[in-house]
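# Examination of the molecular architecture
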Amino acid sequence: MKQLTAMVTITVGGTAAFAGLCIWNGNENFYRDYVMPFTKRLDPETSHRLAVFAMKHCLIRKQLKPDPESLATKLWGLNFSNPVGLAAGFDKQAEAIQGLHRTGFGFVEIGSVTPEPQEGNTSPRVFRLNEDAGLINRYGFNSEGHEAVYGRVKLESEKQERAVIGVNLGKNKLTPVAAEDYVAGVKKFGEIADYLVINVSSPNTPGLRGLQQKAELENLITLVVEARNNLSVSKLPPLLLKIAPDLSQEEKKDIADVVLKDKCRVDGIIVCNTTISRPSDLKSECKSEAGGLSGQPLKDISTRCIRDFYRLTGGRIPIIGVGGVASGQDAYEKILAGASLVQLYTSFAFQGPPVVRRIKRELDEILRSNGYQSIAEAVGKSSTK
Ligand SMILES: Cc1cc2nc3c(=O)[nH]c(=O)nc-3n(C[C@H](O)[C@H](O)[C@H](O)COP(=O)(O)O)c2cc1C
């Protein structure tokens, strides 16, 4: 009996130690075959919370190898060791910046954060489209609010070795004058954020996307740019606008015209947020849930949108390309279309931390095999200005 107990202890202990080591090391096959199939069985929001917990407690080894030189990018005076960032919405409350940086992201965007704490929509509010490698979410800006998030970002921003940190600003559901919330965000985070994002494109806050209409946008950005310019800080943070993919050509042109004007000139555009459209070839059961769709079904919609904005702005405003990036090739296509940096969320939810290292490895190979020494050289090469 004693022998049997010893055998069981050794087997269970050994397996747990092996699994722990594979998770810690970010072993690609182990994540694909064991970790991710396990997380798919969980409710998606629970799985999201677990992933944030793991990142918060740095349950993954720091990437030891430096990023290849070809991936280094300088933008807005900031040095990015690689162009692959984490998109907003994963670390909404800024709890896990360090762990995410260790995973290998070149930058981490936290939020969206609203001035006052708010719960967001009722659960269930995230859905996995397994057959389509997509997600639908209608979180509705669940945020602990400026004060709580500020404390965490400040702590991170003071660290010697840290990620480039973007702060994505949202508005409270019940605020009648949207500009007030964005201006408050600029004042609160302007000193500690590496860049700020005006998010007017989440589909889950009533009326938010209406702020992309020409007159409203011009009024909003003018006020936010003014607030940013009036900050008494040593370096003014770059201001980016995050837009939706569901825009007509006319609406895109209007947005480009607005952001090119002096008084509402933004430093960058993030293209794009989730889509409210539902491509006809979606297969998953929950495809008709309300909310924003992300991941593979958004990939080409987003790349086309990047190309449009690169052309409409004549390449004068740097673009962060986001939507369905799951491989080096996906990232490369967005760069050729006009993106100077890329971000991802959904492929991280489906494949876990190893996806970051794989994308960087593949992107480095693709760039070199196409004769590019750097990301900057490839930006916009499939687009006509
Ligand atoms: C669950 C979830 C929550 C999100 N929350 C936010 C958010 O709070 N603010 C925001 O600007 N974008 C948010 N997004 C959009 C992502 O930042 C990104 O623009 C979009 O998912 C497309 O990228 P992907 O296909 O790589 O996921 C969210 C996306 C998902 C899947």
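The protein goes by Dihydroorotate dehydrogenase (quinone), mitochondrial in an unreviewed UniProt entry, where it is assigned to Ceriodaphnia reticulata. Annotation of the protein in UniProt includes, under Subcellular location (unreviewed entry), the sentence "Mitochondrion inner membrane". Recorded under Catalytic activity (unreviewed entry), the UniProt text for the protein is reproduced unchanged: "(S)-dihydroorotate + a quinone = orotate + a quinol".

What follows is about the sheet that holds strand E11 (residues 292-295). As a general point, the strands of a sheet are linked pairwise by backbone hydrogen bonds and lie either parallel or antiparallel. One open sheet holds the three strands; their spatial order is E5-E6-E11, and the pairing between them is antiparallel. Each edge of the open sheet carries a strand with a single partner, namely strand E5 (126-129) and E11. Within the sheet, the average angular offset between the axes of one strand and its neighbour, ignoring direction, is 25°. Sheet topology places E5 next to strand E6 (residues 134-137); four bridges connect them, and they run antiparallel. Counted as the bridge partner of Phe127 is Ile136 from E6.

Core analysis: the largest hydrophobic core is formed by 102 residues, its most contacted members being Tyr182, Phe189, Leu241 and Phe348. Apart from residues no more than four positions distant in its own chain, Tyr182 is found in contact with Leu169, Gly170, Lys171, Ile198, Asn199, Val200, Leu208, Leu211, Leu220 and Val224. Of all hydrophobic cores here, the second largest spans six residues; its members include Phe127, Leu129, Cys286 and Leu293.

Attention shifts here to the site of the ligand. Every one of the 24 residues lining the ligand counts as a neighbour, but Ala88, Ser112, Gly295, Gly324 and Thr346 are closest to it. Here an oxygen atom of the ligand and a backbone polar atom of Ala88 are 2.7 Å apart. Protein contact buries 98% of the 610 Å² of open area that the ligand shows by itself. Where the shell around the ligand is concerned, the elements lending two or more residues are strand E4 (107-113), E6 and E11. Considering only residue class, the shell around the ligand consists of nine nonpolar, 13 polar and two charged.

Bringing the side chain of Ser302 into the picture now. Examined against the element boundaries, Ser302 turns out to sit in helix H9 (residues 299-312). Using a relative accessible area of 0% as the deciding quantity, one classes Ser302 as buried. At 3.5 Å, the side chain of Ser302 and the side chain of Lys334 are in polar contact. With near-sequence residues (within four places) excluded, Ser302 lies in contact with Val271, Cys272, Val322, Gly323 and Lys334.

Read around the closed barrel, the eight strands follow the order E3-E4-E7-E8-E9-E10-E12-E13; overall the barrel is parallel. Averaged over all pairs of adjacent strands, the angle between their axes in this sheet comes to 25°, without regard to strand direction. Bridge count between strand E10 (residues 268-271) and strand E12 (residues 319-322): three bridges; the pairing is parallel. When the sheet's bridge partners are listed, Ile270 is paired in E12 with Ile320. Set on the sheet, helix H6 (residues 178-189) makes contact with E4, strand E7 (164-169), strand E8 (195-199) and strand E9 (239-243); between it and E7 the angle comes to about 155°.

Helix-helix packing is characterised by the crossing angle of the two axes and by the distance between the axes. Between helix H7 (residues 214-229) and helix H8 (residues 249-260), the shortest axis-to-axis distance is 10 Å and the interhelical angle comes to 25°. On the basis of their axis angle, the class for H7 and H8 is roughly parallel. Regarding H7 and H8, the two cross each other, and that crossing is right-handed. Here Lys214, Leu217, Glu218 and Ile221 of H7 come into contact with H8, specifically with Asp254, Ile255, Asp257, Val258 and Val259. Among the residues making up the contact of H7 with H8, the classes are represented as five nonpolar, no polar and four charged.

All right, on to the pattern of salt bridges then. Under the defined criterion, the tally for this structure stands at 20 salt bridges. Two residues, Asp194 and Arg162, come together in a salt bridge whose shortest N-O distance is 2.8 Å. Residue Asp194 is found in the loop between H6 and E8, and its partner Arg162 is found in the loop between helix H5 (145-157) and E7; the two are separated by 32 residues along the sequence. Residue Asp194 is classed as buried on the basis of its relative accessible area of 12%. One salt bridge in this structure joins Asp308 and Lys252, with 2.8 Å as the shortest N-O distance. With a gap of 56 residues between them, Asp308 in helix H9 and Lys252 in helix H8 connect regions that are remote in the sequence. Here the salt bridges do not stand alone but share partners, grouping Glu45, Arg49 and Arg125 into one network.

Parameters and conventions
- Residues numbered from 1 in each chain as written.
- Predicted model: local features only at pLDDT ≥ 70, side-chain atom pairs only at ≥ 80, totals over all residues.
- Heavy atoms only, no water.
- UniProt positions renumbered as here; feature names shortened; annotations may be inferred.
- Pairing = 2+ DSSP bridges.
- Helix = DSSP H or I, 4+ residues; strand = E, 2+ residues; numbered from the N terminus.
- Axes fitted to C-alpha atoms, helices over the stretch in contact; angles between N-to-C directions.
- Core = buried A, V, L, I, M, F, W, Y, C linked by side-chain atoms within 4.5 Å.
- Buried < 20%, exposed > 50% of the residue type's maximum accessible area, 1.4 Å probe, protein only.
- Contact = heavy atoms within 4.5 Å.
- Near = heavy atom within 4 Å.
- Polar contact = N/O pair within 3.5 Å; in protein donor to acceptor, adjacent residues only side chain to side chain.
- Areas by Shrake-Rupley, 256 points an atom, 1.4 Å probe, with all protein chains shown as cover.
- Nonpolar A, V, L, I, M, F, W, Y, C, P; charged D, E, K, R; others polar.
- Parallel < 35°, antiparallel > 145°, perpendicular 65-115°, else oblique.
- Left-handed = near helix turned anticlockwise from the far one by under 90°.
- Salt bridge = Lys/Arg side-chain N within 4 Å of Asp/Glu carboxyl O.

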